[in-house]
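# Examining the three-dimensional arrangement
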Amino acid sequence: MIRFDNVTKIYDQKSRPALHSVSLEVNRSEFVFLVGASGSGKSTFLRLVLKEDTASRGAVHVAGRNVADIPGWRVPRLRRGIGVVFQDFRLLPNKTAFANVAFAMQVTGKSRTVIRETVPDVLRIVGLEGKGNRMPHELSGGEQQRVAIARAIVNKPAILLADEPTGNLDPTTSMGIMNILEHVNRNGTTVVMATHDNTIVNSLRKRVVELQHGRVVRDEAQGIYVGEIRAAAG
Amino acid sequence: MRIAFILSEVGSGLRRNLSMVISVVLVTFISLTFVGAAGLLQLQISQMKGYWYDRVQVAVFLCVDNSMSPTCAAGPVTAEQRASIRALLEGENLSRYVSAVEYESQDDALGHFQDQFANSPIVESVTADQLPESFRVSLVDAEKYGIIDEAFSSLPGVDVVSDQRELLEKVFSVMNRASLGALLVAGVMTLCAVLLIATTIRLSAFSRRRETGIMGLVGASKAVIQLPFVLEGVIAAVGGALLASGTLWLSSDFLITWLSRLYPETAFISAQQVLLLLPVLILLAALLAGVSSLLALRRYVKV
Ligand SMILES: Nc1ncnc2c1ncn2[C@@H]1O[C@H](COP(=O)(O)OP(=O)(O)OP(=O)(O)O)[C@@H](O)[C@H]1O
Ligand SMILES: [Mg+2]
């Protein structure tokens, strides 16, 4: 589903590359944790998948296509196949939870009837039944993140990218979010989640890819993450 | 759905930048009023040119008793002189330039004079022998006045050759300068309008960068992201153009009625011609606003 071939990303010539010869393959329906210290290149990885940035060297393949070959006007189509969730939720503050989710369908031209049918379903999946009329500031952090996940999955993307989705949430709420992501993954969506949170990584026992200074230093099928501890020791 | 969505985005954008939108409306209003005024003046000039150039004649005035020019030293024009002048005017050599020759006798001249100044006491004191007889020459090309002047002004029996066009040229040059002035103001104001539209759209895009960022992430196309902003600019500018159209329509209607009462002889542009100019103004506004917003967005709304 996602394949990186010797991908190097250099933001500016003076500092070291954000990604350095990264080769990695993520299969369809896989769940992958992308771990590593701050600045190790996790967000950069996700940005390259979305073609928010282009690789300096190497090739990024998404759903079988080299993203470098996708012309600018086709990038929106690429992104419709990818859902994204961020640490800071990125909801529109002046729109209700329902409208925030509906927004993702509106911009892609879905009809009003389809939107009215789909959005409540998706809100139910993320556990926000009956809260569609709330404004983001009337929701807790965990609930806001659920809205963001609902928005990310409402167009039934093949890939879900999550950049520290639990970064702002307490452990219990985080586990709730993880349950939703696992649910989404079980329905066939490939999930790549960048995180610092070793409790989550260690309790889910999924594939773990660890980045360090832009290089892949570990790739284990049912891995754990002890990054913060090792960093403290070393 | 997408259209409804885009329109609701446009509506929220217009509401959010209301004061900027109003300033765009006003600036386009003023600038297009000047553009329109310059256009109408040009129309009026070409209308008058068309009307008058067909009618202006070169008058070859013949000597009367009290003529002062040296060609009249021998006294009033004689019958032979008149005949030879007529022969020359109607002859082979000038037939390329002359389309018609009319003879105006002293009695005809008095008749015209009396018509023209019908209500003036001056009519009483003028007699036919004080007015010169003349040949009224219509030219194929009104610009070729010089040929007649050269050929006749030194002939014995000819007093002066006068070109009515000269007077018209003076009027036209004044009008031309006025329309040029209007055009100059229009140019400066249009530049202001374009810059203001670009700034407004940029500000609007900046204040909504969160939305546009999210739109980009969920896969909205560039057109869907940019269209609301472009429409905002176009709507504001067209609003200004409508105001300008209304102003031009009302004031030209008033001016034309007023002026044609003062100068019933003059051909003024018609209401239809004014009406035809207005859609051009509106189209111009839409085009300017569309292009300047697109250019403004190119750097600010990245997909
Ligand atoms: N837009 C940018 N311009 C220049 N340098 C950048 C840019 N984005 C990231 N970097 C640099 O690239 C490196 C990797 O950044 P990245 O955001 O991928 O790290 P990360 O693993 O996501 O870190 P964190 O866990 O703190 O989010 C960092 O050194 C960062 O300073
Ligand atoms: Mg990051």
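### So, the overall build of chain B
Helices and strands together make up the secondary structure of chain B, namely 10 helices and 4 strands. Helices and strands in chain B line up, N terminus first, as α-α-β-α-β-α-α-β-α-β-α-α-α-α. A compact globule built from 303 residues should have a C-alpha radius of gyration of about 19 Å, whereas chain B, at 31 Å, is more than 25% larger. Based on the C-alpha atoms only, the size of chain B along its principal axes is roughly 100 × 45 × 30 Å. Expressed as a percentage of its 303 residues, the buried residues of chain B come to 43%. For chain B, long-range pairs separated by at least 24 residues make up 84% of all intrachain contacts whose partners lie at least 6 apart in sequence. Accessible surface for chain B amounts to roughly 16,300 Å². Of this, 64% is attributable to carbon and sulfur atoms. For chain B, the centre of its 22 positive side-chain charges and the centre of its 26 negative side-chain charges are spaced 30 Å apart.

### Considerations on the domain arrangement of chain B
We note that the domain assignment places domain 1 (2-52 + 169-300) and domain 2 (55-163) within chain B. If you average the C-alpha positions of domain 1 of chain B and of domain 2 of chain B, the two centres end up 52 Å apart.

### Remarks on empty space enclosed by the protein
Under the counting rule described, the total for this entry stands at 4 cavities of 30 Å³ or more. Size it by volume and the largest cavity reaches roughly 130 Å³. For the largest cavity, the lining is made up of 14 residues, of which Ile82(A), Arg151(A), Ala152(A), Leu217(B) and Val218(B) are closest to its centre. Contributing elements (two or more residues each) for the lining of the largest cavity: helix H2 (75-80), strand S6 (82-86) and helix H5 (141-153) of chain A together with helix H8 (209-217) of chain B. Examining the composition of the lining of the largest cavity, we find that 4 residues originate from one element, S6(A), more than from any other. Tallied by class, residues from the lining of the largest cavity come to 8 nonpolar, 2 polar and 4 charged.

### Quick notes on the sheet that holds strand S4 (residues 57-62) of chain A
Pairing between sheet strands relies on hydrogen bonds along the backbone, with the strands arranged either parallel or antiparallel. Residues and elements named next belong to chain A. With antiparallel pairing, the 4 strands of this open sheet are ordered in space as S2-S1-S4-S5. Of all strands in the sheet, those bounded by a partner on one side alone are strand S2 (19-26) and strand S5 (65-66). Bridge count for S4 against S5 is 2 bridges, and the pairing is antiparallel. Counted as the bridge partner of His61 is Asn66 from S5. Against the sheet, helix H1 (residues 42-49) makes contact with strand S1 (2-9), S2 and S4, and its axis sits at roughly 120 degrees relative to S1, the strand it touches most.

### Description of the packing of aromatic side chains
What the rule picks out here adds up to 3 aromatic pairs over all chains. With 5.3 Å between their ring centres and 55 degrees between their planes, Tyr103(B) and Phe135(B) make a pair best called tilted. With Tyr103(B) in strand S2 (residues 98-104) and Phe135(B) in strand S3 (residues 134-139), this residue pair connects regions lying 32 residues apart in the sequence. Relative accessible area serves as the criterion here: at 30%, Tyr103(B) is assigned to the partly exposed category. Lying over the aromatic face of Phe86(A), Arg90(A) brings its terminal NZ or CZ to 3.7 Å of the ring centre. The ring of Phe206(B) carries the charged tip of Arg209(B) above its face, separated from the ring centre by 4.1 Å.

### Details of the pairing of strand S7 (residues 159-163) of chain A
Within a regular strand, side chains alternate between the sheet's two faces. Residues and elements named next belong to chain A. Along S7, 5 of the 5 residues are buried, which leaves the element largely enclosed by surrounding structure. Burial along S7 is two-sided: Ile159, Leu161 and Asp163 facing one way and Leu160 and Ala162 facing the other are all buried. As defined by bridge partners, S6 adjoins S7 across 5 bridges and the pair is classed as parallel. Bridge pairing in S7 links Val85 to Ala162. Where S7 lies against strand S8 (residues 190-195), 5 bridges are found, and the strand directions are parallel. For Ile159, the partnering residue across the bridge sits in S8 and is Thr190. Between the parallel pair S7 and S8, the chain is carried across by helix H6 (residues 171-186), and the sense of this crossover is right-handed.

### Some thoughts on the side chain of Ser179(B)
All names here are of chain B. Along the chain, the position of Ser179 falls in helix H7 (residues 165-207). With relative accessibility at 3%, the residue Ser179 sits in the buried group. With sequence-adjacent residues up to four places away left out, Ser179 is seen in contact with Ala38, Leu41 and Gln42.

### Re unusual backbone geometry
For Ala63(A), which is not glycine, the phi torsion reads 50 degrees and is therefore positive. Assignment of secondary structure puts Ala63(A) in the loop between S4 and S5.

### With respect to the interface of chain A and chain B
The interface of chain A with chain B comprises 26 residues on the first partner and 19 residues on the second. Taking both sides of the interface into account, the surface hidden between chain A and chain B amounts to around 1,800 Å²; carbon and sulfur atoms contribute 64%. The three residues of chain A that bury the most area against chain B are Arg79(A), Phe103(A) and Val107(A), which together make up 30% of that side's buried surface. The salt bridge partner of Glu9(B) is Lys95(A), with a shortest N-O separation of 3.7 Å. Put simply, chain A and chain B have 3 residue pairs in polar contact (both at pLDDT 80 or more) between them.

### Some words on the site of ligand 1
Residue and element names in this part refer to chain A. Within the structure, ligand 1 sits among Tyr11, Ala18, Ala37, Ser38, Gly39, Ser40, Gly41, Lys42, Ser43, Thr44, Glu164 and His196. A distance of 2.8 Å separates an oxygen atom of ligand 1 from a polar backbone atom of Gly39. Within the contact set of ligand 1, an oxygen atom lies 3.3 Å away from a backbone nitrogen or oxygen of Ser40. With the chains in place, 58% of the 630 Å² that ligand 1 exposes on its own is no longer accessible. Across the shell around ligand 1, the residue classes tally to 3 nonpolar, 7 polar and 2 charged.

### Points about the sheet that holds strand S4 (residues 158-163) of chain B
Residue and element names in this part refer to chain B. As summarised here, the arrangement of the 4 strands in space is S2-S3-S1-S4, forming an open sheet in which the pairing is antiparallel. Of all strands in the sheet, those bounded by a partner on one side alone are S2 and S4. Looking at each pair of strands side by side, their axes are set apart by 20 degrees on average, direction ignored. Packed on one face of the sheet, helix H6 (residues 145-152) meets strand S1 (58-62), S2, S3 and S4 and runs near 175 degrees to S4.

How each quantity is defined
- Residues numbered from 1 in each chain as written.
- Chains lettered and ligands numbered in written order.
- Predicted model: local features only at pLDDT ≥ 70, side-chain atom pairs only at ≥ 80, totals over all residues.
- Heavy atoms only, no water.
- Helix = DSSP H or I, 4+ residues; strand = E, 2+ residues; numbered from the N terminus.
- Rg over C-alpha atoms; globule rule 2.2 N^0.38 Å.
- Buried < 20%, exposed > 50% of the residue type's maximum accessible area, 1.4 Å probe, protein only.
- Contact = heavy atoms within 4.5 Å.
- Areas by Shrake-Rupley, 256 points an atom, 1.4 Å probe, with all protein chains shown as cover.
- Lys, Arg positive; Asp, Glu negative; His and termini not counted.
- Charge placed at Lys NZ, Arg CZ, Asp CG, Glu CD.
- Domains from an automatic or database assignment.
- 1 Å grid on protein atoms, 1.4 Å probe; cavity = no way out; pocket = protein on both sides within 12 Å on 5 of 7 lines; lining within 4 Å.
- Points joined across faces, edges and corners; volume = space filled by probe spheres on them.
- Nonpolar A, V, L, I, M, F, W, Y, C, P; charged D, E, K, R; others polar.
- Pairing = 2+ DSSP bridges.
- Axes fitted to C-alpha atoms, helices over the stretch in contact; angles between N-to-C directions.
- Phe/Tyr/Trp six-rings, centres within 6.5 Å; stacked < 30°, edge-to-face > 60°.
- Lys NZ or Arg CZ within 6 Å of the ring centre and 35° of its normal.
- Right-handed = clockwise from strand over helix to strand, strands pointing away.
- Buried area = accessible area lost by both parts, 1.4 Å probe.
- Salt bridge = Lys/Arg side-chain N within 4 Å of Asp/Glu carboxyl O.
- Polar contact = N/O pair within 3.5 Å; in protein donor to acceptor, adjacent residues only side chain to side chain.
- Near = heavy atom within 4 Å.

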